[in-house]
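Here's the letter readout for the chains.
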Amino acid sequence: MQRSSRAVVAALVLVLACSCAPDPGPPARDSAVTPAGRLELSVHDADGRLLDLAAVRDLQSAGTGEDGEDDLLLHGDDLTVVSAWPVEPGRASFALERPAGEVTLATAWPSASGYVMLLLDLPAPGSYEFTTLIAQQALDDLDGLVSRRPGPVPAAVERERERARELRAAALAAPDAAREGALSARAFDAAVAAQVQLLGGPAAVPAPGRQVAVTFEDPSRHDALVGVRELAGAGAREPWVRLVFDAARPASSYRADVDAARAAGVHVLGQFLDSTQSGAVDAAGWRRRVAEYVGALPGVAAWEVGNEVNGGWVVPDAAERAVWAARYVKENSTARTVLTLYWQLGEDDPEDSLFQWAADHLPAADLADVDDLALSVYPEEHPLGPAVDRVLRTLQRAYPDQRLLVGELGYGGPDLEPRWWWGSRDPAGGKVEVARWYSAVAASHPLTGGGTYWWYYLDDALPPSPVWAALAGRAPGAVARRARPRLGNL
């Protein structure tokens, strides 16, 4: 689990990636590629209105104020931090100072499919229409997805891609900035919608052997295990459950729970401690706990050696504890090892953002005993969306020896701060779409081993709920796309 609030701090530098076939990635950093200088950016909305900085901030934060201001400048190759909160007043909507080299602006941004983590590779210094830049970025990202996809492109995706291209061309030929911005906003929406469909739409077929996984905060709920097994359906996916072990209980008290899961045909991921309880034991107590649990629960198929280790609320030696636990598990059992990272890119302290923290604390050589790297994703607090593809590819390059998982997922929980919507503005509909779309991505993306480990399973996802159907891949439809107001005939 998780929880922390954003603090105002400056930032540093980072590196990260994980699993499957190697990806050549972007070119290496070269300060001669693009010069340093100032970018002046105009933002026009779908009605052609020029937005001032306050209106831009309102869009970025979904109207929630300073805590929703999450802009970062990143190194484009590894998504490590260059600087925090670079957006500043400018001659038009806003401006920023970019250093030389390949630099990416990261920020939450709305699309008709929901809020996404926008990763905009910045051009040379100059004046630009922001919506035109992000529309072209979305099209480039879409073309990259298509080029890496085996087999034909689904017709629905091709239609949206062609529409985005037509809108982008019309924007470039527009007679004025207002018209250009309005058309570019619609091109951005169409390109994002196509990415959403390609990554998690009906054509995203689960690959054999992928996990379909949930979390039990109460491991004694044996009655709910049948529903977990049935999530796998008749396909070749493996049902898994994370059992959350409380800091105050001995390992022996969970033996019946592990045995019940195994008897139901469900694999167990044992969590030594949730991130919210990481401070319940000191380093020596952690080692004793790991040894006790590994010895007492041989039926556990995989151990989570660290949960949300880059969360700003966890113990400062979380990386060292995880590395020690992974080594102990490998030396004393046949179980797999899982290390879970907390997805955030600017919504909390920059030094704790996923890639920066990993670069500072998790050299690849230290993860020899870690089998799987997992992402904990809470989209309403830390948006992601189609940027998941770039995130996974960046992780894979940094950690080529580990498999990737979606290791924790939730939306609409009572302990969450709803800020950025996904799939539907209606909270109940959004929850179903988050479960459906991220489950489809985890089941089909070539760099993942599946997962999701829906955190609130016992609260909102028991069968025959809509969330259960979404996790099982049986929910109809796709992420809702809300059309922008039209300007003219295009």
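Residues numbered from 1 in each chain as written. Predicted model: local features only at pLDDT ≥ 70, side-chain atom pairs only at ≥ 80, totals over all residues. Heavy atoms only, no water.

**Concerning the overall build of the protein chain**
Scanning the protein chain from N- to C-terminus turns up 13 helices and 15 strands. Since a compact globule built from 490 residues should have a radius of gyration of about 23 Å, the 22 Å found for the protein chain is in line with a globular shape. A principal-axis box enclosing the C-alpha atoms of the protein chain has dimensions of 70 × 45 × 40 Å. Within the protein chain, buried positions represent 60% of all 490 residues. Counted over contacts in the protein chain with a minimum sequence separation of 6, partners at least 24 positions apart contribute 80%. The centroid of the 45 positive side-chain charges in the protein chain is displaced by 6 Å from the centroid of its 66 negative side-chain charges. (Helix = DSSP H or I, 4+ residues; strand = E, 2+ residues; numbered from the N terminus. Rg over C-alpha atoms; globule rule 2.2 N^0.38 Å. Buried < 20%, exposed > 50% of the residue type's maximum accessible area, 1.4 Å probe, protein only. Contact = heavy atoms within 4.5 Å. Lys, Arg positive; Asp, Glu negative; His and termini not counted. Charge placed at Lys NZ, Arg CZ, Asp CG, Glu CD.)

**Description of the packing of helix H7 (residues 283-296) against helix H8 (residues 318-332)**
H8 packs onto H7 with a crossing angle of 25 degrees between their chain directions and a minimal axis gap of 10 Å. The angle between the axes of H7 and H8 places the two elements in the roughly parallel class. Considering the relative orientation of H7 and H8, their crossing is right-handed. Packed against H7, whose contacting residues are Ala283, Trp286, Arg287, Val290, Ala291 and Val294, the element H8 presents Arg321, Trp324, Ala325, Tyr328, Val329 and Asn332 at the interface. Per-class residue counts for the contact of H7 with H8 are nine nonpolar, one polar and two charged. (Axes fitted to C-alpha atoms, helices over the stretch in contact; angles between N-to-C directions. Parallel < 35°, antiparallel > 145°, perpendicular 65-115°, else oblique. Left-handed = near helix turned anticlockwise from the far one by under 90°. Nonpolar A, V, L, I, M, F, W, Y, C, P; charged D, E, K, R; others polar.)

**Here's the deal with helix H3 (residues 155-172)**
For H3, spanning 18 residues, the distance from its first C-alpha to its last is 26 Å, which sits close to the expected 26 Å at 1.5 Å a residue. Taken together, the buried positions of H3 are Val157, Glu160, Arg161, Ala164, Leu167, Arg168 and Ala171. Down the axis of H3, the smallest arc covering the buried residues is 130 degrees, so these residues share one side. In this structure, H3 carries Ala155 and Arg159 as exposed residues pointing more than 90 degrees from its buried face. The secondary structure elements touched by the buried residues of H3 are helix H2 (130-148) and helix H4 (177-200). (Expected span 1.5 Å × (residues − 1). Arc of directions from axis to C-beta.)

**Section: the environment of Ala398**
Structurally, the position occupied by Ala398 is in helix H10 (residues 388-398). Residue classification places Ala398 among the buried positions, given a relative accessible area of 16%. Linking Ala398 and Asp78, residues 320 residues apart in sequence, is a C-alpha distance of 8.0 Å.

**Looking at the packing of aromatic side chains**
Here the structure, examined in full by the defined rule, presents 14 aromatic pairs. Measuring from centroid to centroid gives 6.5 Å for Tyr293 and Trp303, while their planes differ by 85 degrees, and the two rings are edge-to-face. Of the two residues, Tyr293 sits in helix H7 while Trp303 sits in strand S11 (residues 302-306), which places them 10 residues apart along the sequence. By the burial criterion, Tyr293 is buried, and Trp303 matches it. Ring centres 5.0 Å apart and planes at 90 degrees place the aromatic pair Trp437 and Tyr438 in the edge-to-face group. According to the relative accessible area criterion, Tyr438 is buried, its value standing at 3%. Put simply, the rings of Phe245, Tyr254, Phe272, Trp286, Tyr293 and Trp303 touch in pairs and so form one group of aromatic residues. The ring of Tyr254 has Arg249 sitting right over it, with the charged end atom 4.0 Å from the ring centre. Arg419 extends its terminal NZ or CZ atom over the ring of Trp420, reaching a point 5.2 Å from the ring centre. (Phe/Tyr/Trp six-rings, centres within 6.5 Å; stacked < 30°, edge-to-face > 60°. Lys NZ or Arg CZ within 6 Å of the ring centre and 35° of its normal.)

**As for the packing of H2 against H4**
Following both chains from N to C, one finds H2 and H4 inclined at 25 degrees, their axes separated by 8 Å at the closest point. Considering their axes alone, H2 and H4 lie roughly parallel with respect to each other. Every pair of crossing elements has a handedness; the one defined by H2 and H4 is left-handed. Each of Thr131, Thr132, Ile134, Ala135, Ala138, Leu139, Asp141, Leu142, Leu145 and Val146 in H2 lies in contact with H4, whose residues at this interface are Glu180, Gly181, Ser184, Ala185, Ala187, Phe188, Ala191, Val192, Ala194, Gln195, Leu198 and Leu199. Among the residues making up the contact of H2 with H4, the classes are represented as 15 nonpolar, five polar and two charged.

**Considering the sheet that holds strand S4 (residues 94-98)**
One open sheet holds the three strands; their spatial order is S4-S1-S7, and the pairing between them is mixed. At either margin of the open sheet sits one strand with a lone partner, and together these are S4 and strand S7 (126-129). For this sheet, the mean angle separating the axes of adjacent strands, direction not counted, is 25 degrees. (Pairing = 2+ DSSP bridges.)

**Focus on the sheet that holds strand S3 (residues 81-84)**
If you trace the four strands from one edge of the open sheet to the other, you get S3-S2-S5-S6, paired in antiparallel fashion. Strands with a single pairing partner mark the edges of an open sheet, and in this sheet they are S3 and strand S6 (114-121). Strand-to-strand twist of the sheet, defined as the mean angle between neighbouring strand axes without regard to direction, takes the value 25 degrees. Sheet topology places strand S2 (residues 72-75) next to S3; three bridges connect them, and they run antiparallel. Bridge pairing in S3 links Leu72 to Ala84. Sitting on the sheet, H2 is in contact with strand S5 (103-111) and S6, with an inclination near 90 degrees to S6.

**Notes on unusual backbone geometry**
That bond from Pro463 to Pro464 is cis: its omega, 10 degrees, falls within 30 degrees of zero. Relative to the helices and strands, Pro464 is located in the loop between helix H12 (457-460) and helix H13 (466-471). Despite not being glycine, Leu79 has its phi angle at roughly 60 degrees, a positive value. By secondary structure assignment, the location of Leu79 is in the loop between S2 and S3. For Leu79, a relative accessible area of 0% corresponds to the buried category. A positive phi angle, near 50 degrees, is found at Tyr453, a position not held by glycine. Along the polypeptide, Tyr453 turns up in strand S15 (residues 448-454).

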